[in-house]
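What the coordinates show
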Amino acid sequence: FCPVGSNQYNALNVPLHNRRYQLKLRDLAGQALAFVQELVTALLNFHTYTEQRVQIFPIDSATDTISPLNQKFSQYLHENASYVRPLEEGMLHLFESITEDTVTVLETAVKLKAFSEHLASYLCFLRKILPYQLKSLEEECESSLCTAALRARNMDLHRDMKRLTAIFEKLHTYVSLLALPSTKPTGLLRTNYNMVFTNIATSLHGFHDILKDISKHYSQKATLEQDAPTATQKLLTTNDCILSSVVALTNAAGKIASFFSNNLDHFTTSLSYGPKGGTEFISPLSAECMLQYKKKAVAYMKSLKKPCADSVPYEEALANRRVLLSSTESREGLAQQVQQSLEKIAKLEQEKEHWMLEAQLAKIKLEKENEKLKNSLSGHLTETTQERSVLTNVAEQKKETTEKSPRELIKNTSLIGMLAITTDNEKAPDGESREDLIKNHYMARIAELTSHLQLADSKSVHFHAECRALAKRLSLAEKSKELLTEELKLASQNISRLQDELMTTKRSYEDQLSMMSDHLCSMNETLTKQREEIDTLKMTSKGNSKKNKNR
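Read on for a plain summary of the structure. Every chain is numbered on its own, with residues counted from 1 as its sequence reads. In view of the model being predicted, local features appear only for residues whose pLDDT reaches at least 70, and side-chain atom pairs are presented and counted only at 80 or more, with totals across whole chains, interfaces and linings using the full set of residues. Computation of side-chain values covers all heavy atoms of the structure but excludes hydrogens and water.

**With respect to the overall build of the protein chain**
To be explicit about the condition: Strands here are runs of E lasting at least two residues and helices are runs of H or I lasting at least four, both read from the DSSP assignment and numbered beginning at the N terminus. Relative accessibility decides the category of a residue: with a 1.4 Å probe and only protein chains considered, values under 20% of the type maximum give buried, values over 50% give exposed, and everything between is partly exposed. Residues count as neighbours in contact if any of their non-hydrogen atoms are within 4.5 Å of one another.
Regarding its fold elements, the protein chain presents 13 helices and 0 strands. Its helices and strands taken in sequence order, the protein chain reads α-α-α-α-α-α-α-α-α-α-α-α-α from the N to the C terminus. Counting across all 551 residues of the protein chain, residues that qualify as buried make up 30%. Taking as baseline every contact in the protein chain between residues at least 6 positions apart, the subset at least 24 positions apart corresponds to 83%.

**Regarding the pattern of salt bridges**
When the charged atoms of two side chains with opposite charge come close together, those side chains can pair. Worth spelling out the cut-off: Any carboxyl oxygen of Asp or Glu within 4 Å of a side-chain nitrogen of Lys or Arg constitutes a salt bridge here.
Summed over the entire model, instances satisfying the criterion amount to 16 salt bridges. Residue Arg85 is joined to Glu88 by a salt bridge in which the shortest nitrogen-to-oxygen separation is 3.5 Å. Of this pair, Arg85 and Glu88 both sit in helix H4 (residues 81-97), 3 residues apart, which is roughly one turn of that helix. Where Asp209 meets Lys212, a salt bridge forms, and the shortest distance between an N and an O atom there is 3.7 Å.

**Considerations on the nonpolar core**
Spelled out, the test is: Put simply, buried Ala, Val, Leu, Ile, Met, Phe, Trp, Tyr and Cys residues joined by side-chain atoms within 4.5 Å make one nonpolar core.
By size, the foremost hydrophobic cluster in this structure holds 74 residues, and its most contacted members are Tyr122, Leu164, Phe168 and Ile214. Put simply, the parts of the chain that give this core at least two residues each are helix H2 (19-56), helix H3 (68-77), H4, helix H5 (111-142), helix H6 (148-178), helix H7 (193-227), helix H8 (233-262) and helix H9 (264-269). Apart from the residues lying within four places of it in its own chain, the contact partners of Ile214 are Leu157, Asp160, Met161, Leu164 and Val246.

**Let's talk about empty space enclosed by the protein**
Selection criterion: With a 1 Å grid laid over protein atoms only, a set of points is called a cavity when a 1.4 Å probe fits there but cannot get out and a pocket when it is open yet has protein on both sides within 12 Å along at least five of seven lines; lining residues have an atom within 4 Å of a point. Grid points are joined across faces, edges and corners, and a volume is the space filled by probe spheres set on the points. Residues are grouped as follows: nonpolar covers Ala, Val, Leu, Ile, Met, Phe, Trp, Tyr, Cys and Pro; charged covers Asp, Glu, Lys and Arg; every other residue, Gly included, is treated as polar.
Evaluation of the coordinates by the stated rule reveals 3 cavities of 30 Å³ or more. Roughly 870 Å³ of volume is contained in the largest cavity. If you trace the largest cavity, you find 36 residues lining it, with Met91, Leu94, Leu112, Phe115 and Phe260 closest to the centre. Listing elements by their share of the lining of the largest cavity, those giving two or more residues are H2, H4, H5, H6, H7, H8 and H9. Top element by residues in the lining of the largest cavity is H2. It accounts for 10 residues. Within the lining of the largest cavity, the residues separate by chemical class into 33 nonpolar, 3 polar and no charged.

If you want it as structure tokens, here you go:
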């Protein structure tokens, strides 16, 4: 917090948040919005039915041309919706700006300025139609159909309309003073705003009293016109509609006046968020900065409320870090060793398969050579003893050679040795051909796996590109969804506004059609009477002509 003397810096301090006050204020704003909507509906009906009355009395536009004054007055009244509807919209925006997590005082209620401008626009409309309305009443008084009692009621309404415009001028002045702290804080002292709120309550009660007088005078005027013999059904229906709209307007004004007076203390409790002893308001820029600081403070408090994650003691974390670093280094070395071992295992597996095939071939050849040896031995059993001695000598030489060195067995010229030599010699080309076959097989297998790997890599790259494109499309779709929702809200508001206008115009046209049908019926009756009179005149003229001829 800053020292008391530095007001510019004190204005940036975030005030204490009073959630109960904000909820109460939002509830009051919701009630005020409902009352304003009711008032707007009554004003729309009042101006619309006044336009209908101007077009049918004292001169009916369906049968004759109304005066230029009433034509201009009717044209201005037809534009009432463009001035009355913004009052409801401004109050709605003010209600939406009052939320639970903000600070609502006169410095931060920036939507009051827009509502004040809409009220000023409607006041300009009332000032524009007031001279025509007064002249129209005077024109009714000058009509031959107006009696003395009707003339007195018209003059009462003449004074009431002036009072109505004057009370709207007062209300606009006080509402513009309420919007002043959010635009020009040096315009009025804070201590004067209790009187401003009190004057608003007084003006609202005066507005209610004026509408009660208008309702009384209109009802008296409608009664007198109903008893008049020249009053048409169209005029009586329009008078009933005007009277019902004035009654609804009076009820809405009474509700607003009572609501404001009952909650006057709540409105004046917190005019500003500045120091209690201060007399001036805080600048709008400082108030805006304060609201931003408040949002940051709320976000910080929410972050503090989040539960902290489970932590590890410092010594244990250091020990774990050392272990992690050492394990990371050893892991890389072990990964290399494992890779090398896997490569050696693959080579050994290939060699194992190769030598297993070689062993099978050698076994088959050995069996064939043994069969040949048996056949040759059975054929030489009947030979001489000389051959046996030769064999014994061969056996002795064999023993001597085995005793000297086992490797000399291969160089022996015996039949088994020759067989072994021949098998070794025959193995060489078979082994080479088998190695070529195995090599070709593994090379083909490697080429196939490489192609599969390249295909998988290309598919993964394509899938990654598709995912990125889909993510972009999803973000664009979400943005377009938000825009469409906003447009849908605006469209729904426009639809509701057009439906209300349609209902009002439909009512007016239905009333006009009923009046026109009644007028047509009366015209038909008058035409039939005139035809009968013409027929009677013709008959009398014929009789007179005959009498003249006879004379």
